[in-house]
Each structure stands twice: as structure tokens, then as C-alpha cells.
Amino acid sequence: MDFDNLPRHIAIIMDGNGRWAKKRGLPRTAGHAEGAETFRSIATYCKEIGIEYLTVYAFSTENWKRPAEEVSSIMNLLEKYLCESIERMERDNVKMKFFGDITPLSPKLRQLIERTCEISTHYDGCQVNICLNYGGRDEILRAAKLCAESYAAGNADAFSEDVFSSNLWSAGIPDPEIIIRPGGEKRLSNFLLWQSAYSELYFTDTLWPDFSKEDINCAIAWFQGRERRFGGI
Ligand code: IPE
Ligand code: IPE
Ligand code: MG
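Help me get a handle on the overall build of the protein chain, residues and values and all.
For the protein chain, the count of helices and strands is 7 helices and 6 strands. Reading the secondary structure of the protein chain in the N-to-C direction produces β-α-α-β-α-β-α-β-α-α-β-β-α. In terms of overall dimensions, the protein chain has C-alpha extents of about 60 × 45 × 35 Å along its principal axes. Across the 233 residues of the protein chain, 46% fall into the buried class. Partitioning the intrachain contacts of the protein chain with sequence separation of at least 6 by distance along the chain shows that 76% fall at a separation of at least 24. In the protein chain, the 28 positive side-chain charges and the 34 negative ones have mean positions that sit 5 Å from each other.

Below you can see the structure in the form of C-alpha cells.
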């Protein structure tokens, strides 16, 4: 892997927590807890090697279909994680943002998210975007509505790619050069549908709680071997 030629933006679908736990005879929640630890170590590593943006899929608009106990245990883990990160942010120098509609989340979680974002404005290290109640289709529909409003207000250019992108949660952030999906599935599951137009897609059978620095190095090395043509020759 060439540390001088890193992608600016890496996105990860953190999948496989449930199967990791099942393999060990543990409740699925244990897999989510272990997955949160993996996230912490991978985010720290990305910051150390100089990745500018890391976007992770934590909870999709479809994940509400899961049993209520699993959803609430994921939400509790998120609260715990955010409380701890608020204390560590100064030391870690990471900036956090959230993609997704946070209004259906608990008031406590919303408050923690708002506090995290507020503190984040003071930092300029690696920017970590956490996709929470995020869905690519939902994001595109919201952007389309904003463009339509702008068009109705007289902006004839409201439907350009630039204006459209500026109405996405990822406004101002370059598209991810690579999307990594651990857990063995080869699909995007409604993740970054607009932004992934030219992303390199890397799939691995490793389950997210087992995902290590070596695994991300392998993914980056694979990415560095790709020839990106963007439709040209
Ligand atoms: C990803 O792991 C975490 C979330 C979707 C919240 P899963 O819970 O989907 O784990 P598997 O795919 O069932 O193993
Ligand atoms: C995608 O994983 C969502 C997250 C990792 C947060 P899922 O486990 O929900 O995806 P499917 O159901 O296998 O497509
Ligand atoms: Mg899954």
C-alpha cells in the first residue's frame, strides 16, 4: 500500500455484526458492541494515515424493520459511543457529522448528536460522517424536493448536478473513491446511491467486528491498483 497515494474519502458499510455474534453463540447485541469497537479503531487508524473523510453506515432507513429490542440496543450503543466520543474529541481531533434524518431518534440521542456536531466545529482533523437513519433514496428525494422549491422560486439552474449535490447530506464533501463492504454481501443496501456513481466497490467476507487495519490496508492497496477512467479511455 502506498501511503502517498491515499483516497481522500473512504466509505464503509459496517455489516456482519449479527453473524459474528451468532458464530460465537452470543446475542446479536454483542456483535453490535464489538462492531462499535471496530469502528473506533478503524476511524482512529484512518485519521492517523491521513484519510480526510470517512463515511460509515451505522443504521439504515430499513433497519427499523428489525425487532424493537435490537433497534433499542443499537440506539443505546450509539448513545454510549457518543458520550465517550464527546470526552475524547479534543484528544482525537476528529470532526463528526451525521447523514440522515435524526428527528425520529430519542431526544437524548438527538441532544448528543447536536452536542457532538457543535464541538466538531472546533476541529479540523479527519471528518467522520455517521449515517444514521440514512437511506440513499430518502436522501435523493429530499434533495429533489429542495431543488424543486428552488426552481419554483425562480432559479432556472436548480436541477444541475452541482445544485443537486449541494442539497444532499454530503454537501461539500467529495464523493468516496472507494466503498468497502465487509460481511460477504455484494450490494449497496441503499447506501450513498448518488455519491457512488464512480466509486470503486470492495467486498470482503470478513465480518465487520473482525475487520482490522490489515483489512483496510488490503482494500486501499486494491484501490490503488484500479484504473479509474470515468467514462474516458
Ligand atoms: C450491521 O450488522 C449493523 C446494522 C445493520 C445496524 P448486521 O446486524 O446487519 O449483521 P448481520 O448482517 O445480520 O450479520
Ligand atoms: C446495511 O446492512 C446497513 C448497515 C450496515 C447499517 P443491512 O444488514 O441492513 O443490509 P441488508 O439487509 O443485508 O441488505
Ligand atoms: Mg447485515
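Next comes the rest of the account.
Hey, could you go over the site of ligand 1 for me, with residue numbers and the actual values?
Near ligand 1, the surroundings consist of 13 residues, among which Asp-15, Gly-18, Arg-19, Arg-28 and Arg-66 are the closest. In this structure, Asp-15 approaches ligand 1 through a side-chain N or O atom, which is 2.8 Å from an oxygen atom. Arg-66 has a polar side-chain atom sitting 2.7 Å from an oxygen atom of ligand 1. In isolation ligand 1 offers 370 Å² of accessible surface; the protein chains occlude 87% of this area. For the shell around ligand 1, the elements supplying multiple residues, two or more each, are helix 1 (17-23), helix 2 (28-49) and helix 3 (68-92). Considering every element that reaches the shell around ligand 1, the biggest residue donor is helix 1, with 3 residues. The residue inventory of the shell around ligand 1, partitioned by class, reads 3 nonpolar, 5 polar and 5 charged.

An account of the state of the cysteines is needed here, citing residue identities and associated values.
Evaluated as defined, the whole model comprises 0 disulfides. The cysteine Cys-147 is free of any disulfide, with Cys-131 supplying the nearest cysteine sulfur at 20 Å. Overall, the relative accessible area of 0% leaves Cys-147 in the buried class. Cysteine Cys-218 is unpaired, with the sulfur of Cys-46 as its nearest cysteine sulfur at 14 Å. Note on Cys-218: relative accessible area 44%, which makes it partly exposed.

Describe helix 5 (residues 136-152), and please don't skip the residues or the numbers.
The α-helix advances 3.6 residues per turn, and as a result positions three or four apart in sequence lie on the same side. Over its 17 residues, helix 5 extends 24 Å from the first C-alpha to the last, a length consistent with the 24 Å expected when each residue adds 1.5 Å. Within helix 5 the residues assigned to the buried category are Gly-136, Glu-139, Ala-143 and Cys-147. Take helix 5 and look down its axis: the buried residues cluster within an arc of 70 degrees, on one side only. Helix 5 presents Arg-137, Leu-141, Lys-145, Glu-149 and Ala-152 as exposed residues on the side facing more than 90 degrees away from its buried surface. Buried-residue contacts for helix 5 involve strand 4 (127-134) and helix 6 (161-166). Once helix 5 ends, the next one or two residues include Gly-154, with phi positive near 110 degrees.

Cut-off values and rules
Residues numbered from 1 in each chain as written. Chains lettered and ligands numbered in written order. Predicted model: local features only at pLDDT ≥ 70, side-chain atom pairs only at ≥ 80, totals over all residues. Heavy atoms only, no water. Helix = DSSP H or I, 4+ residues; strand = E, 2+ residues; numbered from the N terminus. Buried < 20%, exposed > 50% of the residue type's maximum accessible area, 1.4 Å probe, protein only. Contact = heavy atoms within 4.5 Å. Lys, Arg positive; Asp, Glu negative; His and termini not counted. Charge placed at Lys NZ, Arg CZ, Asp CG, Glu CD. Near = heavy atom within 4 Å. Polar contact = N/O pair within 3.5 Å; in protein donor to acceptor, adjacent residues only side chain to side chain. Areas by Shrake-Rupley, 256 points an atom, 1.4 Å probe, with all protein chains shown as cover. Nonpolar A, V, L, I, M, F, W, Y, C, P; charged D, E, K, R; others polar. Disulfide = S-S within 2.5 Å. Expected span 1.5 Å × (residues − 1). Arc of directions from axis to C-beta.

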